[in-house]
Amino acid sequence: MMDAEFRRPIQILPPEVASKIAAGEVVERPASVVKELVENALDAGATDIRVEIRQGGRRLIQVADNGCGIPADEVELAFARHATSKLRDVQDLERIASLGFRGEALASIAAVAHVTLLTRPPEEMVARRVRVEGGRLVENRPAAAPAGTLVTVEHLFYNVPARQKFLRQPATETAYIHEVVTRYALAYPERRFELVSEGRSLFLSPGSGELRDVLAAVLGVEEAEALLPVEAEGEHGARLVGFLSPPSLHRASRADIAFFVNRRWIQDRSLSAAVSQAYHTFLPVGRFPVAFLFLEMPPSEVDVNVHPTKREVRFRHGQAVFSLVQAAVRKVLTAQAPVAAPFAPAWIPPHGHGAPTPAAPPAGPQPSSMPSTAALWPDTASLPPLRVVGQVALTYIVAEGPDGLYLIDQHAAHERVLYEELTAERADAPPSQALLHPLPVRLTPRQAAALGEHVEHLRRYGFDLEPFGGDTWLLRGVPPMLHRGDPARALGDILDELAEGTARPLEDSREARVVASICKQVAVKAGQALSLEEMRELVHRLERTRSPRTCPHGRPTMILIQAALLARQFGREG
Ligand code: ADP
Ligand code: MG
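Treat the numbers as computed from the prediction; the structure is a model and nothing was measured.

When helices and strands are counted, the chain shows 15 helices and 22 strands. Taking the contacts inside the chain whose residues are at least 6 apart along the sequence as the reference set, 70% of them involve residues at least 24 apart. Surface accessibility of the chain: about 27500 Å² in total, with carbon and sulfur atoms responsible for 54%.

And the structure:
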């Protein structure tokens, strides 16, 4: 029963209240504004889209495009609710080809911020400048501007204190925005995107039309090159293309699993589950793949008008889409490791860890060669004594233990060793080794941004750096373990690696990330020949670490091929 105190006569809400409520559904946080404005720029046919933010978008969001612009006599209308140029009648709702169609975004954003629109269609001579504050038009006058549209959003949520309270740190809001921009850059590789935060470029896609180029800009060249292409046809005119991580590359979160339907970035739990199931037994427990999957289907096969943010969609044949995704991903994964299939996914519990955890049977077809004993061993388990036998592929150390054959990734193992030594010894070890000649190092905007964020920890671990004017820094000293080799290049690589992490600021502590990337530089690489003595020394140091079984990035340092499994494979059992 409702408390009678709340019972007052029904009345229609004043427009300011109604519009704030409606705005709340579209504009949840700064990233929602960026998403809507980027979608508008894409719908306008822009080939060049530049997003600039300050204070995680709270102070300023600015989206500039070179699209078709808005004619002078329509600019005010663009801010009216349910005002759109993309939809005419109910039939149009069945075949939406544009990203926008609800005519709500500009009205919603303008209800909760100060918005300035500067726009000029290429065929007009004079631009128009319109300013709306909290839903009130305060200016509409001619102006000079290049063809295209520039939308400036300031003081977001200035009149919605409840929303302000839910905003996170600027760095976190920036990460959400970074995610939006990179996702759309992936969906539209033929268009150029740039994201600038506090005057520094965080992301730039070249607009070359090559998805691989955008992947490299988003993930870094090394990871992008490791990705596996996927391509499949489904029922009802559906098609899937995209890229997936091999089992060796995985993440602590689902942040890099993204779906697109007809180039719209969407959220879909069921498709996420399809990918997880396909990766089942290929990844350690609690780790997630990288997957960028693009579905194409006739617009009539998908209802995009389910939610005000348009991020949820409903498929007419949901089960068929699920199967298409799951089967296609599974096929790529099983095909990439036909020889290693019995072992590749086998994270077999080490000696003394009791019965293997039974893995939940994945839905869908299962290759018969998949071991049923796959499971992750606890990260903290210490190593049994290992006898080094040799090296294979100049990448793995082969060792024998009481429970079977160990294959140790020399690079990952060395990273783990260095990581623990560096964090343990920092207190007493000389923090920095001075360079004979200070080196000027020129940084890219991405590297400079990463340096800005991490300079304190880089200094603590031995990088003696000072500004040298413009984008150049003077490197005077380096961590002692980096002294050999090319210190300037190592610094650049470390900064590149740190810059890649901008979308996941919460995953690891900053300090841990700085240390991990220093270790990655110093560690022996795959492809490097090691003597028996060097391998023994490395394995011995690995045995003394606290988490010998994973590298600082969370990847496994070793796999165990159990003696029992070998016996079974050779038909020796029973
Ligand atoms: P919707 O995108 O759903 O149509 P919006 O409120 O986002 O609604 O935008 C309203 C209208 O303003 C659009 O239909 C479009 O005609 C115009 N518009 C908005 N942004 C741009 C832009 N960047 N370039 C050209 N036209 C734009
Ligand atoms: Mg729109």
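Residues in contact with ligand 1 amount to 18 residues; listed here are only the nearest, N40, T84, S85, K86 and G103. For ligand 1, the accessible surface in isolation is 530 Å², of which the surrounding protein chains cover 93%. For the shell around ligand 1, the residue count by class is seven nonpolar, seven polar and four charged.

Between helix 11 (residues 445-460) and helix 13 (residues 510-522), whose axes approach to 9 Å, the crossing angle comes to 60 degrees. Between helix 11 and helix 13, the angle falls in the class oblique. Crossing of helix 11 over helix 13 shows right-handed handedness. Taken together, the residues of helix 13 that come into contact with helix 11 (itself represented by E453, H454, H457, L458 and R460) are R510, E511, R513 and V514. A breakdown of the residues in the contact of helix 11 with helix 13 according to their chemical character gives two nonpolar, two polar and five charged.

Moving on to helix 1 (residues 15-26). For helix 1, which comprises twelve residues, the first-to-last C-alpha distance of 17 Å matches the rise-based estimate of 16 Å (1.5 Å per residue) to within 8%. Those residues of helix 1 not exposed but buried are A22, A23 and V26. The buried residues of helix 1 occupy one face: seen down the axis, they fall within an arc of 105 degrees. The inward-facing, buried residues of helix 1 abut helix 2 (30-43) and helix 3 (105-111).

Let's shift gears to the sheet that holds strand 9 (residues 228-233). The strand order across the open sheet formed by five strands is 9-10-13-11-12, and the pairing between neighbours is mixed. Of all the strands in the sheet, the pair left with one neighbour each is strand 9 and strand 12 (264-266). Taking the axes of each pair of neighbouring strands and ignoring which way they run, one obtains an average angle of 20 degrees across the sheet. Strand direction decides the pairing type here: strand 10 (residues 239-244) and strand 13 (residues 291-296), joined by six bridges, are antiparallel. Note on strand 13: the bridge partner recorded for R239 is E296. Helix 9 (residues 318-336) rests against strand 9, strand 10, strand 11 (257-261) and strand 13 of the sheet, and its axis sits at about 140 degrees to strand 9.

Both strand 9 and strand 10 contribute to a ladder of six bridges, which runs antiparallel. Looking across to strand 10, one finds that P229 is bridged to F243. The hairpin formed by strand 9 and strand 10 contains five residues between the paired strands, and H236 there has a positive phi angle of roughly 55 degrees.

A few words now on the environment of E537. Along the chain, E537 falls in helix 14 (residues 532-543). On the basis of relative accessible area, E537 is assigned to the partly exposed category, the value being 42%. The spatial distance from the C-alpha of E537 to the C-alpha of V388 is 9.8 Å, given a sequence separation of 149 residues.

Moving on: the packing of aromatic side chains. A full pass over the atoms with the stated rule returns two aromatic pairs. Ring centres of Y184 and Y188 lie 6.5 Å apart, and the angle between their planes is 35 degrees; this geometry places the pair in the tilted category. Centroid distance F260 to F294: 4.4 Å. Interplanar angle 15 degrees. Geometry classified as stacked. With F260 in strand 11 and F294 in strand 13, this residue pair connects regions lying 34 residues apart in the sequence. Both residues of the pair, F260 and F294, count as buried. Looking at R311, its charged tip hangs above the ring of W265, at a distance of 3.7 Å from the centre.

What follows concerns the environment of A113. Here A113 is to be found in the loop between helix 3 and strand 3 (114-120). We classify A113 as buried; its relative accessible area is 0%. Each C-alpha atom of the pair A113 and Y158 lies 6.3 Å from the other, and the pair is 45 residues apart in sequence. Apart from the residues lying within four places of it in its own chain, the contact partners of A113 are V132, E133, G134, V153, E154, H155, L156 and Y158.

Another aspect to go through is the sheet that holds strand 18 (residues 404-409). Spatially, 16-17-18-22 is the arrangement adopted by the four strands of the open sheet, whose pairing is antiparallel. Edge strands, defined here as strands with exactly one partner in the open sheet, are strand 16 (387-392) and strand 22 (558-562). On average, adjacent strands in this sheet sit at an angle of 25 degrees to one another, irrespective of strand direction. Judged from the five bridges that link them, strand 16 and strand 17 (residues 396-401) form a sheet pairing that is antiparallel. Counterpart to R387 in the pairing with strand 17 is E400. Here helix 14 sits on the sheet and contacts strand 16, strand 17, strand 18 and strand 22; the angle it forms with strand 16, its principal contact strand, is near 120 degrees.

Another aspect to go through is the environment of E420. Mapped onto the secondary structure, E420 falls in helix 10 (residues 410-425). Sequence separation between E420 and A516 is 96 residues, and the spatial gap between their C-alpha atoms is 9.7 Å. Beyond its immediate chain neighbours, meaning those up to four positions away, E420 contacts T545, R546 and S547.

Rules used throughout
- Residues numbered from 1 in each chain as written.
- Chains lettered and ligands numbered in written order.
- Predicted model: local features only at pLDDT ≥ 70, side-chain atom pairs only at ≥ 80, totals over all residues.
- Heavy atoms only, no water.
- Helix = DSSP H or I, 4+ residues; strand = E, 2+ residues; numbered from the N terminus.
- Contact = heavy atoms within 4.5 Å.
- Areas by Shrake-Rupley, 256 points an atom, 1.4 Å probe, with all protein chains shown as cover.
- Near = heavy atom within 4 Å.
- Nonpolar A, V, L, I, M, F, W, Y, C, P; charged D, E, K, R; others polar.
- Axes fitted to C-alpha atoms, helices over the stretch in contact; angles between N-to-C directions.
- Parallel < 35°, antiparallel > 145°, perpendicular 65-115°, else oblique.
- Left-handed = near helix turned anticlockwise from the far one by under 90°.
- Expected span 1.5 Å × (residues − 1).
- Buried < 20%, exposed > 50% of the residue type's maximum accessible area, 1.4 Å probe, protein only.
- Arc of directions from axis to C-beta.
- Pairing = 2+ DSSP bridges.
- Phe/Tyr/Trp six-rings, centres within 6.5 Å; stacked < 30°, edge-to-face > 60°.
- Lys NZ or Arg CZ within 6 Å of the ring centre and 35° of its normal.

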